[in-house]
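Structural features, examined
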Amino acid sequence: MSNNILLSVEKPARYMGGEMGTVTGREGELTFVLAFPDVYEIGMSHLGLQVLYGVLKEVPWISPERVYAPWPDLEEMLRSEGKPLVTLEDGTPLTKADILGFTLQYELSYTNILNMLDLSGIPLLAAERDERYPLVLGGGPCAYNPEPLADFFDAFLIGDGEEAVIEIAACVRDWKKEALSKAVLLERLSKIAGVYVPSFFQVSYKDGGEIDRITPLREGYSSVRRRFVADLEKALYPTKPVVPFLKTVHDRVSVEISRGCTRGCRFCQAGYIYRPVRERSPERVFEIVEEALANTGYDEVSLLSLSTGDYGCLTPLLKGLMDRYAAKKKAVSLPSMRVGSLSPEMAEEVRRVRKTGFTLAPEAGSERLRSVINKGISEADLLDNARAVYSAGWRLIKLYYMIGLPTETMEDVQGIVDISREVKRQGKLAGSGGDVNVSVSSFVPKPHTPFQWEPQISEEEIIEKQRYLRGELKKKKLIMKWQESSLSVMEGVFARGDRRLSRLLIEAHRLGCRFDGWWEHFDRNKWEQAFQNAGLDPRFYHRRRELDETLPWDHLDCGVSREFLIAERKASLQGAATPDCRLGTCVGCGVCDFEEVKLRLHEPVPFGAYASEAEAGEQSEQGQRIRVRFEKLGRMRFLSHLEMLTLFVRAVGRAAVPIRYSQGFHPHPKFSFATALSVGVESYAEYMDFEVEPGYSAEQLQEALNKSLPEGVRVVESVEIPFKAPSLSVIMERVRYRVTLPEELAADLPAKVAAFLALESSPLRREKRGKVIEFDLRHELSELSSEGRTLEMVVGRGKPAEYAAAILGVPLEALKDARLEKIEVLFAQESAEESAASNS
């Protein structure tokens with residue numbers, strides 16, 4: 001992507017590529033682009049995308065690439081300059097891909113999918129795309145009802161993707177070699193387990209809008225059963241994931257310790273579509289963690305699962321990890337824990353974990369309603385857990401609830417207030433005090449769950465209950481977070497939607513709807529207009545479904561039988577519990593064949609089974625200071641100061657540099673930059689000071705860092721300095737810059753230089769984020785010369801582009817194609833001599 005575009009957007013690092021762990025320049029037989037229809041920071045936090053990228057890059061004939069939804073600033077630039085959306089790895093236009101695979105993670109990202117296709121010059125409708133265009137593929141949780149997107153996609157993968165993506169890629173590669181028609185490709189894809197080709201089904205509707213019939217158009221292809229990875233232990237897991245330059249939502253090593261959940265919460269789609277439970281062995285988890293930490297430089301590991309507390313060996317696993325990594329300043333984090341899963345031994349181990357907040361999910365405010373949803377926890381269990389969490393050192397508990405669950409009354413809503421207040425009181429009882437954050441979402445009925453037939457409450461009712469809770473919780477001095485009602489309304493439309501919603505999406509996209517899951521970008525008026533133009537009513541999709549009604553997803557088999565879901569719905573109305581099958585009793589959900597597809601659990605082991613002698617974490621009394629000079633060239637010039645900080649934190653971790661850490665609750669590695677370099681400026685003279693353990697030489701540091709830094713950043717000089725030597729910011733005096741101008745700006749350059757030097761004053765006023773900075777460019781300038789198209793200057797304060805603009809008499813925007821280079825830093829002579837004397 002061109003310089004002028006990246007320098008004009010808010011976060012260039014979203015689009016520049018070049019991250020550690022990526023594959024570039026591979027001339028494979030097939031280009032497989034993984035597309036995430038949300039901003040980079042969200043997409044890079046998605047574990048599924050990292051797993052698939054890791055799987056694809058292991059296959060030498062596949063060129064894996066990535067693309068994310070462009071933020072509105074980049075979209076505007078692309079459209080104004082008539083440029084297509086391209087991949088991060090090699091800048092490949094999406095029209096040149098063989099497969100364009102979208103992750104369908106959230107219903108409110110659907111307009112972004114259309115926008116990404118449109119920006120790429122790819123026709124939106126699958127029927128309008130022939131062999132010249134990439135195969136447009138979708139997968140992820142929303143693929144379990146992809147009908148609102150059916151007109152836009154060639155195929156969907158239902159279920160686990162690690163093995164299926166390779167089969168799909170091989171199918172496309174072979175078809176490509178044979179140069180056959182797209183119809184042949186779709187026929188072949190339909191033979192792959194888990195692949196759904198929507199054009200092979202025809203949907204008709206009744207006069208009232210309900211589906212009349214879903215008619216298969218190919219013999220032997222009347223339904224599609226989801227794809228299973230039978231054994232997680234054998235599945236490939238990426239231990240060299242892509243490491244982003246900027247901070248992402250989940251900025252850590254994420255390890256999936258198990259997949260699937262059989263707790264049977266009746267509202268939870270994930271609990272049904274990811275069955276059965278398949279655990280990774282603790283031994284395999286240790287291997288993954290060790291390799292991933294070494295390859296990424298992260299300082300935190302998150303153990304992921306739908307129900308982490310149910311992992312059979314969690315406490316001994318946690319102890320083993322803490323023994324190995326606590327002294328290395330590596331933290332272990334746990335996601336939402338099931339109430340009742342915090343054992344005394346685990347509480348002891350989690351004292352050693354970095355404590356930002358502990359999450360518990362009661363889901364409902366009364367035991368009656370928790371029985372309806374099969375959330376088998378009592379208030380006493382919840383309060384016992386809260387007290388144990390506070391006693392273990394946490395100061396904040398996050399509680400997750402839903403409003404709008406089937407059979408809910410205002411008494412149940414009041415229960416959210418009451419139980420949250422009691423949870424906070426446990427902090428006082430534990431003797432430590434504590435805070436509670438209450439997060440309240442609105443229930444959206446999802447396909448393949450016992451509540452798929454239930455109505456969604458109206459927006460008016462959502463608003464009424466939210467207003468009530470805000471008022472009551474505020475009285476108890478509790479903080480509440482909630483999802484905007486309009487977003488819940490839209491999610492409910494698409495979650496159980498049908499193919500007619502393609503008309504709505506086309507209208508919404510045409511009207512400019514983007515990033516609808518972001519409240520600041522959601523435009524209610526545009527959506528209301530889109531519904532009107534499409535002739536659709538959102539309330540139709542929120543209504544109750546009859547048990548004998550044909551549902552849009554009835555031809556897609558998640559493995560759990562319709563009969564089981566109906567029985568569970570009946571049990572919910574009676575408040576009857578359904579046990580967890582991992583405890584020994586099969587509940588007959590239909591997902592297991594008991595040969596390949598079955599529960600795969602690991603036998604519990606003693607608490608100390610994976611214990612190891614904890615390394616001493618004491619630092620020496622005084623460290624060693626090393627000063628380095630490094631280059632920041634090429635695409636690395638787009639990284640901000642904070643992103644460079646993150647880059648070096650990761651590099652130090654990957655290189656296993658014995659860096660010293662600050663004291664306190666969140667220790668940080670001890671290194672510092674000289675000054676912040678402006679984004680867009682290349683540099684041959686960036687400086688940093690490191691504080692390392694004694695005995696680690698400057699040569700060792702330079703060699704270790706250069707093995708761990710990305711292309712474009714290289715340490716060129718490294719020297720030991722006295723421990724009490726002045727900091728870089730104190731001894732830096734001036735900087736030498738070079739500005740290479742575009743041809744059209746270089747006319748009469750010597751005359752313009754002479755005119756500027758003749759000035760007595762050239763005041764500059766800079767405003768940023770409400771702050772005003774004023775200084776005089778001429779007074780800060782000590783040298784200025786020109787040669788050909790090049791300006792060279794030595795300055796104190798100020799950016800090279802500001803000087804060039806003032807010298808030429810043009811706005812800063814006119815310099816978007818100039819090359820800016822930092823050549824040299826001039827240090828205070830006295831301090832430099834002191835340092836030299838101390839080193840001699």
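Structural data are supplied above this passage.
Residues numbered from 1 in each chain as written. Predicted model: local features only at pLDDT ≥ 70, side-chain atom pairs only at ≥ 80, totals over all residues. Heavy atoms only, no water.

**As for the sheet that holds strand S10 (residues 253-256)**
If you walk across this open sheet you meet the 3 strands as S10-S13-S14, and the pairing is parallel. Every other strand in the sheet has two partners, leaving S10 and strand S14 (331-333) as the edge strands with one partner each. Put simply, the sheet's adjacent strands are angled 25° from each other on average, direction ignored. In this structure, S10 lies alongside strand S13 (residues 300-304), joined through 4 bridges in parallel fashion. Looking at S13, one finds that Ser-254 is bridged to Ser-302. (Pairing = 2+ DSSP bridges. Helix = DSSP H or I, 4+ residues; strand = E, 2+ residues; numbered from the N terminus. Axes fitted to C-alpha atoms, helices over the stretch in contact; angles between N-to-C directions.)

**Quick word on the pattern of salt bridges**
Oppositely charged side chains can form a pair if their charged atoms are brought close together. Within the structure shown, the criterion is met by 76 salt bridges. A salt bridge links Glu-75 to Arg-514; the nearest nitrogen and oxygen atoms lie 3.2 Å apart. Residue Glu-75 is located in helix H4 (residues 72-81), and its partner Arg-514 is located in the loop between helix H17 (501-511) and helix H18 (524-534); the two are separated by 439 residues in the primary sequence. The class of Glu-75 is buried, set by a relative accessible area of 10%. Within this structure, Asp-160, Glu-162, Glu-256, Arg-259, Arg-278 and Arg-280 form a network of salt bridges that share partners. (Salt bridge = Lys/Arg side-chain N within 4 Å of Asp/Glu carboxyl O. Buried < 20%, exposed > 50% of the residue type's maximum accessible area, 1.4 Å probe, protein only.)

**Considering the sheet that holds strand S3 (residues 99-103)**
The strand order across the open sheet formed by 6 strands is S2-S1-S3-S4-S5-S6, and the pairing between neighbours is mixed. Two strands lie at the open edges of the sheet, namely strand S2 (62-68) and strand S6 (195-196), each paired on one side alone. As paired elements, strand S5 (residues 155-157) and S6 share 2 bridges and run antiparallel to each other. Directly across from Phe-156, in S6, lies its bridge partner Tyr-196.

**Digging into empty space enclosed by the protein**
Evaluation of the coordinates by the stated rule reveals 10 cavities of 30 Å³ or more. Along its surface, the largest cavity is lined by 18 residues, and Leu-47, Gln-50, Pro-241, Arg-252 and Ser-254 are the ones closest to its centre. Examining the composition of the lining of the largest cavity, we find that 3 residues originate from one element, S10, more than from any other. In the lining of the largest cavity, the residues fall into 12 nonpolar, 5 polar and 1 charged. (1 Å grid on protein atoms, 1.4 Å probe; cavity = no way out; pocket = protein on both sides within 12 Å on 5 of 7 lines; lining within 4 Å. Points joined across faces, edges and corners; volume = space filled by probe spheres on them. Nonpolar A, V, L, I, M, F, W, Y, C, P; charged D, E, K, R; others polar.)

**Description of the packing of aromatic side chains**
Both the distance between ring centres and the angle between the ring planes are used here to describe each pair of aromatic rings. Counted by the stated rule, this structure contains 24 aromatic pairs. Seen in terms of ring centroids, Trp-71 and Trp-518 are 4.9 Å apart; in terms of plane orientation they differ by 70°. Their pairing is edge-to-face. Linking Trp-71 in the loop between S2 and H4 with Trp-518 in the loop between H17 and H18, this pair joins segments that are 447 residues apart in sequence. For Trp-71, a relative accessible area of 11% gives the class buried. Seen in terms of ring centroids, Phe-494 and Trp-527 are 6.0 Å apart; in terms of plane orientation they differ by 70°. Their pairing is edge-to-face. (Phe/Tyr/Trp six-rings, centres within 6.5 Å; stacked < 30°, edge-to-face > 60°.)

Function cannot be inferred from these measures alone, as they are strictly geometric.
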